[in-house]
Amino acid sequence: IGRKVYLTEAGREFLPYAVRSISEAQEGMQKLWDMRKVYRGELRIGVVYSLSPLLVACASRFSQTYPDIMLRLFHFSSISELADRVHDHRIDFALSYKPSPLSPLIDTMELMSVSLCLIVKSDSPLAVLHEVSLRVVSELSLVLLENAMYLRKMIEKLAMDNGITLQPKAEVNNSNLSLQMVRTGKWCSISLQKTVIQFPDLIAIPIKEAHNSLVMSLLWLKNGYQKTAAQEMMRLIKENVEKDGIL
């Protein structure tokens, strides 16, 4: 009891080869199943918070066609962490925003461009606006994601490009937490329009200077075998976006 197991130096050197061998064996078995049109196993998908409603809708349709495939869905607050999971082959693909810079080992399919919005409570005096300037936003009591997160970096880049300094009153490491704080009516936030889809008491107001701020994309490992299930799920996602033009 209480004992710990550690890898030796030789073990640490061998570990990447062992992980790669297991992964390649699993890919080989998956390829055989696909050739025989035996659709089973699991499909691992990562998603950022704001795009989870789209993934859930497509997952429902997918499971009706492929009931024997286990879906494993993972939510991430950080786009860079999501890209790392793709890179390390810990998920089959990701529904995310295109990271910059993008690893040369990751392939991407761009789906549509989306814009940053000011998020306010529905009874806020600002809720009647159809658009708001970044200067007005900078004067509000803001709660933003912490500096290390990709969305915050994009927000800061937008502000810098327009000569604006943002001074948030609070920082959080989770998008849902920031929305809960906005719901109190004490704060506003900057996020994407579809983050408020599950909160009827929140309003997303487009920021004038922020058109096409991010690119919604599918990410997967370049040159790896892409199982039939992954191809089908990505087709459903792309079809959904093209049909509706929105989430």
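Our subject is the structure listed above.
Computed from a predicted structure; not experimentally measured.

Q: Account for the overall build of the protein chain, naming residues and giving values.
A: When you go through the protein chain residue by residue, the secondary structure sums to seven helices and 10 strands. The burial tally for the protein chain puts 43% of its 247 residues in the buried class. Of the contacts made within the protein chain by residues no fewer than 6 positions apart, 79% connect residues no fewer than 24 positions apart. Within the structure as shown, the protein chain displays about 13,900 Å² of accessible surface, and the carbon and sulfur contribution to it stands at 52%.

Q: Report on the pairing of strand β2 (residues 69-76), specifying residues and quantitative values.
A: Relative to β2, strand β1 (residues 41-48) is paired through eight bridges, and the arrangement is parallel. By the bridge assignment, Ile 45 is partnered in β2 with Leu 73.

Q: Quick one: what's the story with the nonpolar core, residue by residue and with numbers?
A: Among the nonpolar cores identified, the biggest contains 77 residues, and Leu 43, Phe 93, Leu 95, Leu 118, Met 233 and Ile 237 are the most heavily contacted of them. Broken down by element, the residue count for this core peaks at seven residues, all from helix α7 (residues 228-244). Not counting residues within four places of it along the chain, the set of residues in contact with Leu 118 comprises Leu 126, Val 132, Val 137, Leu 140, Leu 142, Cys 188, Ser 189, Ile 203, Ala 204, Ile 205 and Ile 207.

Q: Which residues make up the sheet that holds strand β5 (residues 116-121), and what are the values?
A: Pairing within the open sheet is antiparallel, and its three strands lie in the order β8-β5-β9. What marks the edges here is a single partner per strand, and that holds for β8 (189-192) and β9 (202-206). Ignoring strand direction, the axes of neighbouring strands in this sheet form an average angle of 45°. Alignment of β5 against β9, held across five bridges, turns out to be antiparallel. When the bridges of β9 are listed, Val 120 appears paired with Ile 203. Here helix α6 (residues 175-182) sits on the sheet in contact with β5, β8 and β9, set at roughly 45° to β5.

Q: Report on the pairing of strand β10 (residues 214-221), specifying residues and quantitative values.
A: The element β10 is largely enclosed, with a buried count of six among its eight residues. Bridge count between strand β3 (residues 93-97) and β10: four bridges; the pairing is antiparallel. Note that in β10 the partner of Ser 96 across the bridge is Ser 217. Of the strand pairs in this sheet, strand β4 (residues 106-114) and β10 are connected by eight bridges, and their pairing is antiparallel.

Q: Which residues make up helix α5 (residues 150-161), and what values do they have?
A: Residues spaced three or four apart along an α-helix point in a common direction, a consequence of the helix completing one turn every 3.6 residues. With 12 residues, α5 extends 17 Å from end C-alpha to end C-alpha; this agrees with the ideal 16 Å at 1.5 Å per step. Along α5, the residues that are buried comprise Tyr 150, Leu 151, Arg 152, Ile 155, Leu 158 and Ala 159. Downstream of α5 by a residue or two, Gly 163 has a phi angle that is positive, lying close to 65°.

Q: Got a sec to walk through the packing of helix α2 (residues 52-65) against α7? Specific residues and values, please.
A: The contact between α2 and α7 brings their axes to 10 Å, and the two run at 125°. Here α7 runs oblique to α2, going by the angle between their axes. α2 and α7 meet at a crossing whose hand is right-handed. Residue-level contacts link Leu 54, Leu 55, Cys 58, Ala 59, Arg 61 and Phe 62 of α2 to Ala 229, Glu 232, Met 233, Leu 236, Ile 237, Glu 239, Asn 240 and Val 241 of α7. Of the residues assigned to the contact of α2 with α7, the class counts are 10 nonpolar, one polar and three charged.

Q: Describe the environment of Ala 229, listing the residues and the values that go with them.
A: Here Ala 229 is to be found in helix α7. Between the alpha carbons of Ala 229 and Leu 71 there is a distance of 9.9 Å; along the sequence they are 158 residues apart. Residues within four places of Ala 229 in sequence aside, it is in contact with Leu 43, Phe 62 and Ile 69.

Analysis parameters
- Residues numbered from 1 in each chain as written.
- Predicted model: local features only at pLDDT ≥ 70, side-chain atom pairs only at ≥ 80, totals over all residues.
- Heavy atoms only, no water.
- Helix = DSSP H or I, 4+ residues; strand = E, 2+ residues; numbered from the N terminus.
- Buried < 20%, exposed > 50% of the residue type's maximum accessible area, 1.4 Å probe, protein only.
- Contact = heavy atoms within 4.5 Å.
- Areas by Shrake-Rupley, 256 points an atom, 1.4 Å probe, with all protein chains shown as cover.
- Pairing = 2+ DSSP bridges.
- Core = buried A, V, L, I, M, F, W, Y, C linked by side-chain atoms within 4.5 Å.
- Axes fitted to C-alpha atoms, helices over the stretch in contact; angles between N-to-C directions.
- Expected span 1.5 Å × (residues − 1).
- Parallel < 35°, antiparallel > 145°, perpendicular 65-115°, else oblique.
- Left-handed = near helix turned anticlockwise from the far one by under 90°.
- Nonpolar A, V, L, I, M, F, W, Y, C, P; charged D, E, K, R; others polar.

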